[in-house]
Amino acid sequence: MANAEIGVIGLAVMGANLALNIADNGYKVAVFNRTYARTEEFMKSAGELVGQLIPCKTLEEFIAAIRPPRPVIIMVKAGEPVDMQIQALKPLMTDDDIIIDAGNANFRDTLRRGEEMSQTALTFIGMGVSGGEEGARRGPSIMVGGKQASYPRVQKVLEAISAKYNGEPCAAWLGENGAGHFVKTIHNGIEYADMQMIAEVYGIMRDRLAMPAAEISDVFAKWNEGPLESYLIEITAKVLKAIDPKTDRPMIELILDAAGQKGTGRWSAIEALQMGVPATGIEAAVAARSLSAAKDERLHAEKVLGLPQSIGGADDKDAVIADLEMALLAGKIAAYAQGFAVMSAASKEFSWGLPMPTIAKIWRAGCIIQSRFLDEISTAFSKEPDVANLAVTPSFSKMLQDCDAPLRRVVSDAVLNGSPAVALASAISYFDTYRRGQGTANLIQAQRDFFGAHGFKRVDEEGDHHGPWGSS
Ligand code: 6PG
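What you see is a predicted model, and the numbers here were worked out from it, not measured in a lab. (Residues numbered from 1 in each chain as written. Predicted model: local features only at pLDDT ≥ 70, side-chain atom pairs only at ≥ 80, totals over all residues. Heavy atoms only, no water.)

Brief notes about the overall build of the chain
Scanning the chain from terminus to terminus reveals 19 helices and twelve strands. Relative to the compact-globule value of 23 Å for 472 residues, the chain shows a C-alpha radius of gyration of 25 Å, a close match. Its C-alpha atoms give the chain principal-axis dimensions of roughly 80 × 65 × 45 Å. Taken across its 472 residues, the chain has 51% of its residues classed as buried. About 22300 Å² of surface is accessible on the chain, with carbon and sulfur atoms providing 55% of the total. (Helix = DSSP H or I, 4+ residues; strand = E, 2+ residues; numbered from the N terminus. Rg over C-alpha atoms; globule rule 2.2 N^0.38 Å. Buried < 20%, exposed > 50% of the residue type's maximum accessible area, 1.4 Å probe, protein only. Areas by Shrake-Rupley, 256 points an atom, 1.4 Å probe, with all protein chains shown as cover.)

Details of the domain arrangement of the chain
Split into domains, the chain comes out as domain 1 (6-177) and domain 2 (185-434). Look at where the C-alpha atoms of domain 1 and domain 2 centre, and you get two points 32 Å apart. Across the contact, 27 residues belong to domain 1 and 23 residues belong to domain 2. Across the domain 1/domain 2 interface, buried area totals approximately 1800 Å², and carbon plus sulfur atoms make up 61% of it. On the domain 1 side of the interface with domain 2, the three residues burying the most area are F107, Y165 and L174, jointly 31% of the side's total. Counting the contacts that link domain 1 with domain 2 gives two salt bridges. Close ionic contact of E168 with R364 constitutes a salt bridge, the shortest N to O distance being 3.6 Å. Summed over the shared surface of domain 1 and domain 2, the result is seven residue pairs in polar contact (both at pLDDT 80 or more). When residues of the side of domain 1 that touches domain 2 are traced back to their parent elements, those giving at least two are α5 (107-117), α6 (132-138), β7 (141-146), β8 (164-165), β9 (168-169) and β10 (171-175). Its residues placed into classes, the side of domain 1 that touches domain 2 shows 13 nonpolar, ten polar and four charged. (Domains from an automatic or database assignment. Contact = heavy atoms within 4.5 Å. Buried area = accessible area lost by both parts, 1.4 Å probe. Salt bridge = Lys/Arg side-chain N within 4 Å of Asp/Glu carboxyl O. Polar contact = N/O pair within 3.5 Å; in protein donor to acceptor, adjacent residues only side chain to side chain. Nonpolar A, V, L, I, M, F, W, Y, C, P; charged D, E, K, R; others polar.)

Examining the packing of helix α12 (residues 280-293) against helix α18 (residues 422-434)
Contact pair α12 / α18: the axes reach a minimum separation of 8 Å and the direction vectors enclose 160 degrees. The orientation of α12 relative to α18 falls into the category roughly antiparallel. Considering how the two elements wind past one another, α12 and α18 form a crossing that is right-handed. When α12 is examined against α18, the residues T280, G281, A284 and A288 are found in contact with a partner set consisting of V422, A423, S426 and Y430. Residues that form the contact of α12 with α18 fall into these classes: five nonpolar, three polar and no charged. (Axes fitted to C-alpha atoms, helices over the stretch in contact; angles between N-to-C directions. Parallel < 35°, antiparallel > 145°, perpendicular 65-115°, else oblique. Left-handed = near helix turned anticlockwise from the far one by under 90°.)

Topic: the pairing of strand β3 (residues 53-56)
Two strands pair when backbone bridges link them, and strand β2 (residues 29-32) and β3 are joined in this way by four bridges, in the parallel orientation. Bridge pairing in β3 links V31 to P55. (Pairing = 2+ DSSP bridges.)

Quick look at the site of the ligand
In the neighbourhood of the ligand, 13 residues make up the surrounding shell, with N104, S130, E191, Y192 and K262 lying closest. Between G132 and the ligand, the recorded distance is 3.1 Å, taken from a backbone N or O atom to an oxygen atom. The separation between an oxygen atom of the ligand and a polar side-chain atom of E191 is 2.6 Å. Taking 410 Å² as the accessible area of the ligand by itself, protein coverage stands at 81%. Ranked by residues supplied to the shell around the ligand, first place goes to helix α8 (residues 179-208) with five residues. By residue class, the composition of the shell around the ligand is two nonpolar, seven polar and four charged. Mapped onto the domain boundaries, the shell around the ligand takes at least three residues apiece from domain 1 (6-177) and domain 2 (185-434). (Near = heavy atom within 4 Å.)

Section: helix α16 (residues 372-383)
For α16, with twelve residues, the first-to-last C-alpha span of 17 Å sits near the 16 Å given by 1.5 Å per residue. Within the span of α16, buried status applies to F373, L374, I377, S378, A380 and F381. Projected down its long axis, α16 shows its buried positions confined to an angular sector of 165 degrees, all on one face. As for α16, its buried residues are in contact with α14 (317-349), α15 (356-362) and α17 (394-417). (Expected span 1.5 Å × (residues − 1). Arc of directions from axis to C-beta.)

Some thoughts on the packing of aromatic side chains
Throughout the structure, instances matching the rule amount to 15 aromatic pairs. Aromatic pair F340 and F381: ring centres 4.8 Å apart, planes at 35 degrees, arrangement tilted. Of the two residues, F340 sits in helix α14 while F381 sits in helix α16, which places them 41 residues apart along the sequence. The same class applies to F340 and to F381, which are both buried. Its end group placed over the ring of Y192, R289 keeps NZ or CZ at 3.5 Å from the ring centre. Across the ring face of F373, the terminal group of K332 is positioned such that the distance to the ring centre comes to 5.3 Å. (Phe/Tyr/Trp six-rings, centres within 6.5 Å; stacked < 30°, edge-to-face > 60°. Lys NZ or Arg CZ within 6 Å of the ring centre and 35° of its normal.)

Section: the nonpolar core
By size, the foremost hydrophobic cluster in this structure holds 94 residues, and its most contacted members are F220, W223 and W363. No other element matches α14, which puts 18 residues into this core. Residue contributions to this core reach at least three from each of two domains, namely domain 1 (6-177) and domain 2 (185-434). Not counting chain neighbours up to four residues away, the residues in contact with W223 comprise V201, M205, L228, E229, I233, I321, L324, E325 and L328. (Core = buried A, V, L, I, M, F, W, Y, C linked by side-chain atoms within 4.5 Å.)

What about unusual backbone geometry?
At the junction of P68 and P69, the peptide bond is cis and its omega measures out at -10 degrees in the coordinates. Here P69 is to be found in the loop between α3 (59-65) and β4 (71-74). A positive phi angle, near 50 degrees, is found at A210, a position not held by glycine. What makes A210 exposed here is its relative accessible area of 60%.

Quick look at the structure:
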């Protein structure tokens, strides 16, 4: 009997929680998982929502359970599994049905899938969903890409299940085809940079200031009451407080320092490089994760090279901690300015017309990078939607002036003491390069012309020129 209003395929953590969230909002949801045992397990965990859910053993049963035109959310592992799922669904679905890929897809796959689906009467939506397990269950941030006309057909349910910021839903249509997944990718790139800078600051407190985990936790908890207030700072304070029940030691000390990565951070950096937009914070974060994963190599290098020797720096612990807070804020400005600049370039390249104020707005709640800071970004972009770089908006340039010196001191101190701070260092270098009207690329141009006759522009004449290198 076709009485479900929507279907969810894939009942791993994200899919299961999304299905429960939809059910919780009063919708009847058909659910399907490759292995039925998982569906049964899911139904057992659904509690009082069980009556809202229709478990299906086969895809045929699943499709038959949904009222046409059917919106079907796929939440399976990104990559080939999505293509396989779409292929399996296509012959079963009828005109006007909608397939929504809600996984962390590479937006280039979404472009291709959208193109393939446009040959059929089905509609395809590529949808970024952020917020982890809790977000999926209680309200994620939802970034939608696809034909604009398809959005009103799913808007009600997506807005209902999304997080709310001051009552405003954190869900929006952002542009055609891959726009939603692109924005989600950059969200994750920024997430990488944010997390890396937090980890660097933790490292400085742990190694340079010899602070125990619980004390560092208190610092993060305090920062969460100020301009850094955010989900990531909040959970960092909680993580650093947690005790391992097996050993009674801080949990953090027992976790191997080798970070995983599924690809979205790397894709952000690749796309930024390809478009020629600096995203040094994201690149630094990806590089740091890769180096972290080479644990054995690092242990060997430490044996061969030894740890760096401290050659000075400030000693006033409270002053260093105060600087760290401001440095983190400055580093965030760099990462977000870069992330938004990448989105702006992509928006032009793919003719998406990405609405920057809306993106900042739907990131204010539900997603992993939700923060007070994003409310300020949304205000800045609402005033100047086409500004080239967030750092030059009145509010952020003022903020940057206030935290410029602390960031400079933190990075110098880290270098003098051998504390790795690759993302924070990239931030100060980025700003120092970005804000200098007269740079050093005149020399690069001269070198290029010297060895390859590539030509250069003169500051005092029009046209292409070559240097008098023959006579040098
Ligand atoms: C989110 C998260 C989510 C997931 C990342 C983790 O926005 O909810 O970003 O998408 O946690 O995929 O990515 P890594 O495994 O690459 O850290």
